[in-house]
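Fold and contact review
Here are the chains, one letter per residue:
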Amino acid sequence: MVDGRRQRALTGHVLSAVVVLLVLTFGTFSLIRVTPGSTAASIAVRQAGPGASQEQIERIRHELKLDESVVTQYGVWLTRALRGDLGRSERSGRPIAAEIGEKLPRTVFLGLGSALLALVMGFGAGIVAAVVRRGPLPGVLRAVALVGVSVPTFWMSFVVIAVFSERLSLLPTSGQSGPVSWIMPWLVLAIPAAGTISRVVAVSLSEALRQQYVTAARARGVAAWSPTVRDALPNAVGATLNVTALQLGTLLTGSVVVETVFGWPGVGAWFVDSVTFRDSGAILAGVLVFAVAFILLTRTIDVVQTAADPRLRRTEVR
Amino acid sequence: MRGNVRLVVLALPLVTISLAGLLAPWVAPQSPTSTDLSASLLPPSGGHWLGTDQLGRDQLSRIIWAARTSMTVTAAVMVVSFVVGVTVGALGAYLGGVVDRVVTWVVELALSVPSMLLALAVLGIRGNSAPNLILALSVVGWAAYARIARGAVLGYRGSPAADALVGLGAHPIRIVAVHVVPTAARPAAVFASTDVGVVVLTVAGLSFLGLGISPPTPEWGQMLVESRPYLDSAWWLWLPPGLAVTAVALSSNLIGEHLGIAPELRRWRLRRMPDASRRTVARGVGRDAEQPGPSAGPEPLLRVSGLRVDLDTPAGRVTALHGVDYAVRPGEVLALVGESGSGKTVSVMGPLGLLDASARVTGRASYQGTELIGAPEETLRQVRGAGVAVVFQDPYAALNPLRTVGSVVAEALRPPARGDAARERVKELLEAVGLPRPDVTIDQYPHELSGGMRQRVLIAAALAGEPTVLIADEPTSSLDVTVQSEILDLLRDLGRRRDMAVVLISHDLAVVADVADRVLVMYAGRAVEEAPTGALISSPLHPYTRALIDAVPVVGRPTGTRFATLPESDHVSAGREPVDGGCSFAGRCVLREETCLTGAIPLSPAAAAHPDGVGGLTGAHQVACPPALVRAHHRQHEPEAAR
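Each chain carries its own residue numbering, running from 1 in the direction its sequence is written. Lettering of chains starts at A and numbering of ligands starts at 1, both following the order in which they are written. For a predicted model such as this one, the threshold for reporting local features is a pLDDT of at least 70, and the threshold for listing and counting side-chain atom pairs is 80 or more; totals across whole chains, interfaces and linings nevertheless cover every residue.

The secondary structure listing takes helices from DSSP runs of H or I that are at least 4 residues long and strands from runs of E that are at least 2 residues long, numbered from the N terminus. Across its full length, chain A carries twelve helices and zero strands. Its helices and strands in sequence order give chain A the pattern α-α-α-α-α-α-α-α-α-α-α-α, from N to C terminus. The exposure scheme places C-beta atoms from the backbone and then counts, for each residue, the other C-beta atoms within 10 Å of its own, assigning buried at 20 or more, exposed at 12 or fewer, and partly exposed in between. Classification of the 318 residues of chain A by burial places 40% in the buried group. For chain A, contacts bridging at least 24 residues in sequence account for 71% of all contacts bridging at least 6. Our contact criterion uses C-beta atoms placed from the backbone: two residues qualify when those atoms are within 7 Å.

The following block contains the structure:
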């Protein structure tokens, strides 16, 4: 059955996501154009090559439409971008879209692996902490989670490299030589997200376990696992979805650092190189790619959450 | 204030490192930039506490100076974010209308993109410098402050205090300066203490990537990059800077936990009391369990004696029940009546193992010969639902919002059933509790039902196990008055038709008077009077029972007469032991005598005061009040003087 209201809600989500992307790219674009050094002049100078005359520079400026207004230039960029043309990298001279296309799958691979690890570790530790309740375990898990959140990703990378690669020679420091070389990047990237997720899961699950519907289910004489699994857990998970989405979003940020440390040839490391090189076209494309990924992730979880909770679903008249 | 002491301890690393940075020129033993290649890569020693780096620079001095760099940038970012955020957020909320809508929209926009990536982009476009770093981090940083400030001011705008100020003619500027700004700034400042960690981590992360702070100005992240070639050989290069960043971030996160969800965690800790969940069998709890029941009839289905319950509360260990006896027989409705905290709920949930795991339940409780207290969880599980079923007070809280009515009732079916067979039985049950459209209701969620319908669903779920005892814990107090009597009638009819014993818990004597066969009045964890309903209403003995009856307003009586309320006292809450174990009610009692304050006062048959049993006082009427017994005795000899 086609549900009109749900469709409208979905359209709203998509529209607002598009507006966010437009504002973000226009903001970045304008910043590029108003900043001396990264603007028209320098681009034209670089394109024209060393020793170019003022006229040559002016001609290139005109060809690249760098003498038009910012809005017009943005319009040109946007129409090209929509056709899949993000311009050429000043660094390599290659099309930016092609470079991203090459590197994106590697970053997605890194991100999916860590996301899975973060979810398993975060929910595992959180559930154990909430269900066990007694003894030293919940306190230990809480301390580990807080440290995990507080340790900077780049330093944790160093610690694990120092221990597992340099000292124990167990794992390679970089490269993509099969599963063994994936362990450290995945783990380092996943740990901070797992820490936050586990805290939120632990708190909301122990809250849910105190709800009366859990006592009521126990009063019905159901199997011992049932109130926790069928009643408390679904309610607790619903409450953690938002935070979980944001934490998986931070994996994008982390990928920038982790890819750089472990020599992982993905979009994150490429973005840092573009930033260091001040390759404005590539920076703009990078902002677009990361923002799309982030918004896609958070909006999807929004939709999932709405669909999973009967209170947020449309009440059908029967 | 122990909470504040803890806060200071948690903030110690953050404050110490910030202070060290602030005082770097005086605290650091050497210059952070003076190189000495002859003394490069020295391990920690008396001359260099943390060794030297590849250029022979003193590591400790560099870390202290790096703290100065980090904390300066962090402070700048936070000041900018705080000022901009609080101003924008407070303005939006204060002005409202279009301004507020724009503010909300921009804030949501800023919060919907990953901040570090945007910071990277800004640095890549505008170039590497400290001011650009501060700009890059503030671009997104202000939004969280704006959201918090907006929320705080919105709350203040709706308050009577704000209306009063406007009414008094206060100048808008004065209102903003004296009231709006502090309102917005306070919660934002609390958030700032937890935001420090995030900013410090980001600053270090960016310089680790070679952005933001450039050499030779020392910075933790940058020191780490430089230590990369020496990961295996010189631990003093990469360990201390990382520890410094971690210490600051951890301190900030701990403050956040302390300020944010600390009460949550404290409650959590309470549950880890030693031996908390062990339910031990009674160790000579005073009364003899074999004492004959107060009223004749078939064997009781559920018999409780000498039941004592201790609970963990934030205020410490509290005795909620001091030894209570009751018994119910098939087809009988027993009401437990008393004010909140008197121990009514505990006295039925305790034997079933439905209290918090930290509760300590002692005494005896047998269901059809099965001893419940001290029994393994599996035994209790089999009794629950199929033997003794419970209907809860708040039908909305007792129904999982994510599950359909059908799935809740079906899981209670005994013997268990699945598929179509289960569905048919659930529909029959829904029909039996008076739900008009069982085939629709079965697929509905709790939020789609009215309060009365939800309570009928819970009753259906209770019946699904074919129990012989039905416990209804304040089943009507969260319902409309019109629905209350319907539910009560339903419970009584079901009890009679299925020959179930019903235990009805209520704070309202008037509610149970129509339904109950027998009433047990409870006060402060003790039974104070027990009698057949008619006898209790017509000749209440205990002053507390009498007060309960007097507190029921009667239509037609002029206001101010015969509508008595109890005086408040120190003994209102359960578990406060009266002096020397005397009567708990003494503090509020009009009949109090010296003897009431000393020694235990058990329930005694009222007929003992007058062995002839005249005047409606029978052996079934028991009371825990010697002065009341004496009065009853007198009254029976002089009937005209009664009341």
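Alright, that's what it looks like, and here's the rest.
The secondary structure content of chain B amounts to 22 helices and twelve strands. The contacts in chain B between residues at least 6 apart in sequence include a share of 65% that link residues at least 24 apart.

Another aspect to go through is the interface of chain A and chain B. Reports of interface size often rely on the accessible area that becomes lost once the parts have come together. With 67 residues of chain A at the contact, the number on the chain B side is 66 residues. Looking at the side of chain A that touches chain B, the elements that each hand over two or more residues are helix H1 (4-34), helix H6 (137-150), helix H7 (153-167), helix H8 (179-209), helix H9 (212-219), helix H10 (226-261), helix H11 (267-277) and helix H12 (280-308) of chain A. Gly is put with the polar residues, along with every residue not named as nonpolar or charged; the nonpolar set is Ala, Val, Leu, Ile, Met, Phe, Trp, Tyr, Cys and Pro, and the charged set is Asp, Glu, Lys and Arg. Across the side of chain A that touches chain B, the residue classes break down as 35 nonpolar, 22 polar and ten charged.

All names here are of chain B. Strand pairing is assigned whenever DSSP detects at least two bridges linking the two strands. Strand order across the open sheet formed by eight strands is S6-S7-S8-S3-S9-S10-S12-S11, with mixed pairing between neighbours. What marks the edges here is a single partner per strand, and that holds for strand S6 (388-391) and strand S11 (604-605). In this structure, strand S3 (residues 333-337) lies alongside strand S9 (residues 518-523), joined through four bridges in parallel fashion. Its bridge partner being in S9, Leu336 is matched across the sheet by Leu520. Each axis is a line fitted through C-alpha atoms, taken for helices only over the stretch in contact, and angles between the N-to-C directions span 0 to 180 degrees. Packing of helix H18 (residues 481-498) onto the sheet brings it into contact with S3, strand S7 (469-473) and strand S8 (501-506), and relative to S8 it is tilted by some 160°.

All names here are of chain B. Read from one edge to the other, the open sheet built from four strands follows the order S2-S1-S4-S5, with strand pairing classed as antiparallel. This sheet does not close on itself; its edge strands, each paired only once, are strand S2 (316-328) and strand S5 (370-371). When strand S1 (residues 302-313) meets S2, the two strands line up antiparallel, connected through ten bridges. Note that in S2 the partner of Arg308 across the bridge is His322. Sitting on the sheet, helix H12 (residues 344-352) is in contact with S1, S2 and strand S4 (360-367), with an inclination near 100° to S1.

Residues and elements named next belong to chain B. Backbone torsion omega between Arg414 and Pro415 reads -5°, so that peptide bond is classified as cis. Turning to its location among the elements, Pro415 is positioned in the loop between helix H14 (405-411) and helix H15 (419-432). Positive phi, normally seen in glycine, also occurs at Gln368, with a value near 45°. Tracing the chain through its elements places Gln368 in the loop between S4 and S5.

All names here are of chain B. Taken across its six residues, S8 has six buried, putting it largely inside the fold. Neither face of S8 is exposed, since Ala501, Val503 and Ile505 on one face and Val502, Leu504 and Ser506 on the opposite face are all buried. Sheet topology places S3 next to S8; five bridges connect them, and they run parallel. Among the inter-strand pairings, Val333 is bridged to a residue of S8, identified as Val502. Bridge count between S7 and S8: five bridges; the pairing is parallel. What sits directly across from Leu470, in S8, is Val502.

Residue and element names in this part refer to chain B. One way to put it is that helix H17 (residues 451-463) packs onto H18 with a least axis distance of 10 Å and a crossing angle of 15°. As judged from the angle between their axes, H17 and H18 are roughly parallel. The handedness of the crossing between H17 and H18 is right-handed. Every residue of H18 that contacts H17 at Gly451, Gly452, Gln455, Ile459 and Leu463 is listed here: Val483, Glu486, Ile487, Leu490 and Leu494. Taken together, the residues of the contact of H17 with H18 break down into six nonpolar, three polar and one charged. Angular relationships are summarised with four words: roughly parallel below 35 degrees, roughly antiparallel beyond 145, roughly perpendicular across 65 to 115, and oblique for the angles in between. Crossing handedness follows the turn of the near helix against the far one: under a right angle anticlockwise gives a left-handed crossing, and clockwise gives a right-handed one.

The next subject is the environment of Ala24(B). Residues and elements named next belong to chain B. With respect to the helices, strands and loops of the structure, Ala24 is situated in helix H2 (residues 24-27). Overall, Ala24 belongs to the buried group, with 20 C-beta atoms counted inside 10 Å. Sequence spacing of Ala24 and Thr69 is 45 residues, and the spatial spacing of their C-alpha atoms is 9.9 Å.

Helical geometry note: an α-helix holds 3.6 residues per turn, so side chains three or four residues apart project in the same direction. Across the eight residues of H9(A), seven count as buried, placing the element largely inside the fold. Within H9(A) the residues assigned to the buried category are Tyr213(A), Val214(A), Thr215(A), Ala216(A), Ala217(A), Arg218(A) and Ala219(A). In this structure, the buried residues of H9(A) make contact with H8 and H10 of chain A together with H12 and S6 of chain B. Just downstream of H9(A) lies Gly221(A), where phi reads positive at about 75°.

Moving on: the confidence of the model for chain A. On average, residues of chain A score 83 in pLDDT, and 89% of them reach the 70 mark or higher. Values of pLDDT, the confidence the predictor places in each residue, fall between 0 and 100. For chain A, helix H2 (residues 40-48) of chain A is the element with the lowest average pLDDT, namely 58, and helix H5 (residues 96-132) of chain A is the one with the highest, namely 91.

Right, let's talk about the packing of helix H5 (residues 115-126) of chain B against helix H8 (residues 172-208) of chain B for a bit. Residue and element names in this part refer to chain B. Between H5 and H8, the shortest axis-to-axis distance is 11 Å and the interhelical angle comes to 45°. The angle between H5 and H8 falls in the class oblique. Along this stretch, H5 crosses H8, giving a crossing that reads as right-handed. Where H5 approaches H8, its residues Met116, Ala119 and Leu123 are matched on the opposing element by Thr202, Gly205 and Leu206.

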